[in-house]
Number of protein chains: 2
Amino acid sequence: MGNEPHVVILGAGFAGVAAMKMLRKAPVRVTVINKNDYQAFQPLLYQVATDVLSANEIGFPVRQMLHGHRAWAFHQAAVTGIDLGKRQVTVEGMEPISYDYLVIALGAVVNYFGTKGAAEHAFPLYTLADAERLKTHVLEGLEAVDKNPALIDDGALRFCVVGGGPTGVEIAGAMAELLDTELKQDYPNLPLDKAEIHLYEAGPQLLGPFKPGLRDYAKRALENLGVRVHLGVGVVAVESNRVHLKSGEMIKAHTLVWGAGLQANPLVSSLGIDLVKGRVPVNPDLSLKDHPEVFAAGDVAIVTEPKTSRPLPQLGSVAKQAGEHVGRTIAGLLRGKGRIPFRYRDRGTMATIGRGAAVAELPAGFTLTGPIAWMGWLLVHLVLLSGSIERSLTLRDWAWNILTRRRSKRIVVDVSRR
Amino acid sequence: MGNEPHVVILGAGFAGVAAMKMLRKAPVRVTVINKNDYQAFQPLLYQVATDVLSANEIGFPVRQMLHGHRAWAFHQAAVTGIDLGKRQVTVEGMEPISYDYLVIALGAVVNYFGTKGAAEHAFPLYTLADAERLKTHVLEGLEAVDKNPALIDDGALRFCVVGGGPTGVEIAGAMAELLDTELKQDYPNLPLDKAEIHLYEAGPQLLGPFKPGLRDYAKRALENLGVRVHLGVGVVAVESNRVHLKSGEMIKAHTLVWGAGLQANPLVSSLGIDLVKGRVPVNPDLSLKDHPEVFAAGDVAIVTEPKTSRPLPQLGSVAKQAGEHVGRTIAGLLRGKGRIPFRYRDRGTMATIGRGAAVAELPAGFTLTGPIAWMGWLLVHLVLLSGSIERSLTLRDWAWNILTRRRSKRIVVDVSRR
């Protein structure tokens, strides 16, 4: 140990973890730096926010994933800078770390597009902590209104969602189901039928990148669950109990979920390279221009699809495949292999709208809707999440919860209270 | 609904929940008030603190336990006062609540005995939030020392426990196992063999109420796990990284677990009755003097054992039986039955010292130590915790974790960080 090339991976999301796993048997020393001690399975955050799953069912400790590696270190720390010239990374509370290869997989942060009050009062849904905060807010809000029903007139039972992409659609559907299922048994004295869920999308349709038939289906499926879908309606300001629309209308609501957009981790602006839409442009092999030893993958990078000349979408599947490509490339370089361009294999995209309804867009133009799409979604996630005994145990419980409408135990452990 | 007698239960610990369950079929309206939305299974808090179990494996939502009741309400709120004359309870953020029958089961709070700095820096272990805080502190501390090994000289790997009762003995043993098992795989760069666990007991022995043979066994078993047991050593002050002993000695340690004592919930001092050792004295049927409609049970009450004239210990089993007695008494009164005195049936007490070692003191003078006592402990807790499908599922995973040395997933979801 000590003489092997040192691979430093920044970020343990889909891209960083995939790169890490591809380096398991490589003759390298791997250092992973991440601000949390776990990887969150982000596509299921809305299930944690609505308490179908508990946080530790979709959070996987990074250190445990590194057990099989030859020489490794993990640092739970915030990255504060990257010096491409010195080949060094600076990290909060540590000496600078030198690398031979660097994988930038720092992901994204929420983009509020300057919406007034959104950073303070809206509930984003990009991290596991976000999901826990939203769940706690909703459950504590129900306790409060149960004690003081007058809060209903102030909007305590009105839940707003901004953004008609997959995040917005999935959380709106899941919240409708949360309010419709066991909560009625849990709050017999609360008029939960007065609860309203509003979904605001500034553009003309839901699920923009999907085919028109799927978009219409998604809208109908949400409306069947009681969600009020507002297209072409923008949100301009947020207070703790008010939402202001572009039309000037003011909505009384204690909860606003922000599913409206992301931007690349702002740390990459310190790289001293020209960014594209705030993201890191990469060569076809995902390395950086003039820096063949540095790679970027996942939401932080912008990868142009050669066939369409359009950027690949910011999806978990793109991040995972890009991370695998980077890990394989570094391992290959050490065995004297050459670099090959990254090819994204589109295996389809999907979104669920509550239990039993989903839309799926498959390669070669096929589409699916309804219960069949939903079962497909369930299977795909079972496969994606599995790969260890631990994960399969989680999944068994999780599939069971979903199929039986049994939720995880709704408890809020408030560690701030002594 | 509305004409039934109104039973108000303050607190959803062992006593409050037991009383509640006994009233399920009774012709009453039940209102339960508790500061959390869950009941915590307190005897296993040390397992959450050392990450063998996750918080929602030993926290059970009170609302779900009330589903079978005829007419009920639950308020997640702090009780601010009890007016025995007006037969009213005052609650944070609500109108005063009138009762026909009142069950005071408000439990205890930690007693620091005026030890300087303890309230700010020591880690108690009486609530589920306490256990989560301790776990987070330990795991974040390991991450910090892994980044900065110089912290070892400052005491970052020295863990102190105050109090040689069951809480102190069980957490010291569990911490020794945590450091000795998978953590070594998770922190390959950390000299975990330098970690020290110190147990301080001001009195002359561990597990004071147990028989001498069991006390000696517990001390040997802890020492076999590497715990340094200090008898007759008091702690007089605590800082965030220092522990000051009565002898004047100063110990560098970043963690001090407080297992040294409890006092009854201070709210009972507002009752206007003469307390005994800060606790509520009760009639043989557990009702209050001059207030046959008010009962007290659990850690908040002091119950004198008629045979020995000594107070019953502050144990979960005493609280549970007392709560059942109160619930049965109220149900019986409504059917015209009389009051009978409470009789505690001692089914034994036990404490574990790591995996595979325990002490048990059974009725009729029998004692057990070693693996047999430990298996007995496991069985007793399986039985105590079960009673619903949800609980048995938990238990299956939990027994599995304990038997296979597989821990729950060590992740810290820090919701305070955006």
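Note that the coordinates shown come from a computational prediction; the quantities given were computed from them, not determined experimentally.

### What to know about the overall build of chain A
1) Next: Along chain A, the regular secondary structure elements total twelve helices and 26 strands.
2) Next: A globule of 418 residues ought to have a C-alpha radius of gyration of about 22 Å, and chain A, at 22 Å, matches this closely.
3) Next: By its C-alpha atoms, chain A is 70 × 55 × 40 Å across when sized along the principal axes.
4) Next: A buried classification covers 57% of the 418 residues belonging to chain A.
5) Next: Excluding contacts between residues fewer than 6 apart, the proportion of contacts in chain A whose partners are at least 24 apart in sequence is 66%.
6) Next: As displayed, chain A has an accessible area near 17300 Å², and 54% of this comes from carbon and sulfur atoms.
7) Next: Of the side-chain charges in chain A, 47 are positive and 40 negative, and the distance between the mean point of each set is 6 Å.

### Some words on the nonpolar core
1) Next: Counting residues in each nonpolar core, the largest one holds 123 residues, and the members touching the most others are Ile82(B) and Ile104(B).
2) Next: The element contributing the most residues to this core is helix H7 (residues 166-180) of chain B, with eight residues.
3) Next: Aside from chain neighbours lying at most four places away, what touches Ile104(B) is Leu10(B), Ile82(B), Val268(B), Leu271(B), Val294(B), Phe295(B), Ala296(B), Ala297(B) and Val300(B).
4) Next: The next biggest cluster of nonpolar side chains, apart from the first, holds 121 residues, and it includes Leu102(A), Leu134(A), Ala351(A) and Ile353(A).

### What about a nonpolar patch on the surface?
Residues and elements named next belong to chain A.
1) Next: A cluster of nonpolar side chains, contributed by Leu362, Phe366, Leu368 and Ile372, occupies part of the molecular surface with about 380 Å² of accessible area.
2) Next: Assignment of secondary structure puts Leu368 in strand S26 (residues 367-369).
3) Next: For Leu368, a relative accessible area of 31% translates into the label partly exposed.

### Considering unusual backbone geometry
Residue and element names in this part refer to chain A.
1) Next: Phi angles above zero are rare outside glycine, and Lys277 is one such case at about 55°.
2) Next: Inspection of the secondary structure puts Lys277 in the loop between strand S19 (262-264) and strand S20 (280-281).
3) Next: Here the phi dihedral of Leu286 falls at roughly 80°; this positive angle occurs in a residue that is not glycine.
4) Next: Relative to the assigned elements, Leu286 resides in the loop between S20 and strand S21 (287-288).

### Some thoughts on the environment of Lys289(B)
1) Next: Structurally, Lys289(B) is set in the loop between strand S21 (287-288) and strand S22 (291-296).
2) Next: Separated by 16 residues in sequence, Lys289(B) and Ile273(B) place their C-alpha atoms 8.9 Å apart.

### Quick notes on the packing of helix H1 (residues 14-22) of chain A against helix H10 (residues 316-334) of chain A
Residues and elements named next belong to chain A.
1) Next: Put simply, H1 and H10 touch, their axes get as near as 7 Å, and they point 30° apart. The angle between the axes of H1 and H10 places the two elements in the roughly parallel class. The interaxial crossing formed by H1 with H10 has right-handed handedness. Together, Phe14, Ala15, Ala18, Ala19 and Met22 of H1 and Gly316, Ala319, Lys320, Gly323, Glu324, Gly327, Arg328 and Ala331 of H10 make up the contact between the two elements.
2) Next: Grouping the constituent residues of the contact of H1 with H10 by class yields seven nonpolar, three polar and three charged.

### Description of the sheet that holds strand S17 (residues 250-252) of chain A
Residues and elements named next belong to chain A.
1) Next: What the three strands build is an open sheet, ordered S15-S16-S17; its pairing is antiparallel. Strand pairing shows two members of the sheet lacking a second neighbour, strand S15 (235-238) and S17, which therefore form its edges. Strand-to-strand twist in this sheet, taken as the mean axis angle between neighbours without regard to direction, amounts to 25°.
2) Next: Sheet topology places strand S16 (residues 242-245) next to S17; three bridges connect them, and they run antiparallel. Note that in S17 the partner of Arg242 across the bridge is Lys252.

### Concerning helix H1 (residues 14-22) of chain B
1) Next: Burial within H1(B) is extensive, with seven of its nine residues counted as buried.
2) Next: Every buried residue belonging to H1(B) is among Phe14(B), Ala15(B), Gly16(B), Val17(B), Ala18(B), Ala19(B) and Met20(B), and all of these are buried.

### Thoughts on the sheet that holds strand S15 (residues 235-238) of chain B
Residues and elements named next belong to chain B.
1) Next: If you walk across this open sheet you meet the three strands as S15-S16-S17, and the pairing is antiparallel. Only two strands of the sheet have a single neighbouring strand rather than two, namely S15 and strand S17 (250-252). Geometrically, the sheet is characterised by an average inter-axis angle of 25° between neighbouring strands, direction not taken into account.
2) Next: Pairing of S15 with strand S16 (residues 242-245), which is carried by three bridges, proceeds in the antiparallel orientation. Residue pairing for S16: Val238 is matched across the bridge by Val243.

### Here we look at the environment of Lys194(A)
All names here are of chain A.
1) Next: Within the secondary structure layout, Lys194 lies in the loop between helix H8 (183-186) and strand S13 (196-201).
2) Next: The sequence separation of Lys194 and Leu102 amounts to 92 residues, and the corresponding C-alpha distance is 53 Å.
3) Next: Beyond its immediate chain neighbours, meaning those up to four positions away, Lys194 contacts Ile152 and Leu157.

### Details of the packing of aromatic side chains
Residues and elements named next belong to chain A.
1) Next: Inspection of the entire model under this criterion finds four aromatic pairs over all chains.
2) Next: Look at Phe14 and Phe41: their rings are 5.5 Å apart centre to centre, the planes differ by 80°, and that puts the pair in the edge-to-face class. Pair noted here: Phe14 is in helix H1 and Phe41 is in the loop between strand S3 (38-40) and helix H2 (45-49), with a separation of 27 residues, a long-range link.
3) Next: Given a relative accessible area of 4%, Phe41 falls into the buried group.

### With respect to the pairing of strand S25 (residues 358-361) of chain B
All names here are of chain B.
1) Next: Taking every second residue as pointing to the same face, both faces of S25 are buried, with Ala358 and Ala360 on one and Val359 and Glu361 on the other.
2) Next: Taken together, the four bridges between strand S24 (residues 349-352) and S25 define a ladder with antiparallel strand orientation. Paired with Met350 across the strands is Ala360, a residue of S25.
3) Next: What sits between the antiparallel neighbours S24 and S25 is a turn of five residues, in which Gly354 has the positive phi angle 75°.
4) Next: Pairing analysis gives three bridges linking S25 to strand S26 (residues 367-369), with the strands arranged antiparallel. From the neighbouring strand, Ala360 faces S26, where its bridge partner is Leu368.

### Quick look at the pairing of S16(B)
1) Next: In this structure, the hairpin formed by S15(B) and S16(B) is closed by a connection of three residues.
2) Next: The hairpin turn running from S16(B) into S17(B), its antiparallel successor, is four residues long, and Gly248(B) in that turn takes a positive phi close to 100°.

### Quick notes on the pattern of salt bridges
1) Next: A complete count under the given rule lists 26 salt bridges over all chains for this structure.
2) Next: A salt bridge links Glu132(B) to Lys135(B); the shortest N-O distance between them is 3.6 Å. Remark: Lys135(B) and Glu132(B) occur in helix H6 (residues 128-147); sequence separation between them is three residues, near one turn of the helix. An identical accessibility class is assigned to Glu132(B) and Lys135(B); each is buried.
3) Next: Of the charged contacts in the structure, one is a salt bridge between Lys184(B) and Asp180(B), with a shortest N-O distance of 3.6 Å.
4) Next: Looking at Lys184(B), the relative accessible area reads 41%, which means it is partly exposed.
5) Next: Salt bridges sharing common partners tie together Asp51(A), Glu132(A) and Lys135(A).

### Looking at the confidence of the model for chain A
1) Next: On average, residues of chain A carry a pLDDT of 89, and 90% of them reach 70 or more.
2) Next: For this predicted complex, the interface score ipTM comes out at 0.85, alongside a pTM of 0.89.

### A word on the side chain of Thr352(A)
All names here are of chain A.
1) Next: On the secondary structure map, Thr352 appears in strand S24 (residues 349-352).
2) Next: For Thr352, a relative accessible area of 2% puts it in the buried group.
3) Next: At 2.8 Å, the side chain of Thr352 forms a polar contact with the side chain of Tyr46.
4) Next: Ignoring anything within four residues of it in the chain, the contact list for Thr352 reads Tyr46, Val169, Glu170, Ala357, Ala358, Trp374 and Trp377.

Criteria and thresholds
- Residues numbered from 1 in each chain as written.
- Chains lettered and ligands numbered in written order.
- Predicted model: local features only at pLDDT ≥ 70, side-chain atom pairs only at ≥ 80, totals over all residues.
- Heavy atoms only, no water.
- Helix = DSSP H or I, 4+ residues; strand = E, 2+ residues; numbered from the N terminus.
- Rg over C-alpha atoms; globule rule 2.2 N^0.38 Å.
- Buried < 20%, exposed > 50% of the residue type's maximum accessible area, 1.4 Å probe, protein only.
- Contact = heavy atoms within 4.5 Å.
- Areas by Shrake-Rupley, 256 points an atom, 1.4 Å probe, with all protein chains shown as cover.
- Lys, Arg positive; Asp, Glu negative; His and termini not counted.
- Charge placed at Lys NZ, Arg CZ, Asp CG, Glu CD.
- Core = buried A, V, L, I, M, F, W, Y, C linked by side-chain atoms within 4.5 Å.
- Patch = residues over 30% accessible without salt bridge, like charges linked within 9 Å, V, L, I, M, F, W, Y side chains within 5 Å.
- Salt bridge = Lys/Arg side-chain N within 4 Å of Asp/Glu carboxyl O.
- Axes fitted to C-alpha atoms, helices over the stretch in contact; angles between N-to-C directions.
- Parallel < 35°, antiparallel > 145°, perpendicular 65-115°, else oblique.
- Left-handed = near helix turned anticlockwise from the far one by under 90°.
- Nonpolar A, V, L, I, M, F, W, Y, C, P; charged D, E, K, R; others polar.
- Pairing = 2+ DSSP bridges.
- Phe/Tyr/Trp six-rings, centres within 6.5 Å; stacked < 30°, edge-to-face > 60°.
- pLDDT = per-residue confidence, 0-100.
- Polar contact = N/O pair within 3.5 Å; in protein donor to acceptor, adjacent residues only side chain to side chain.

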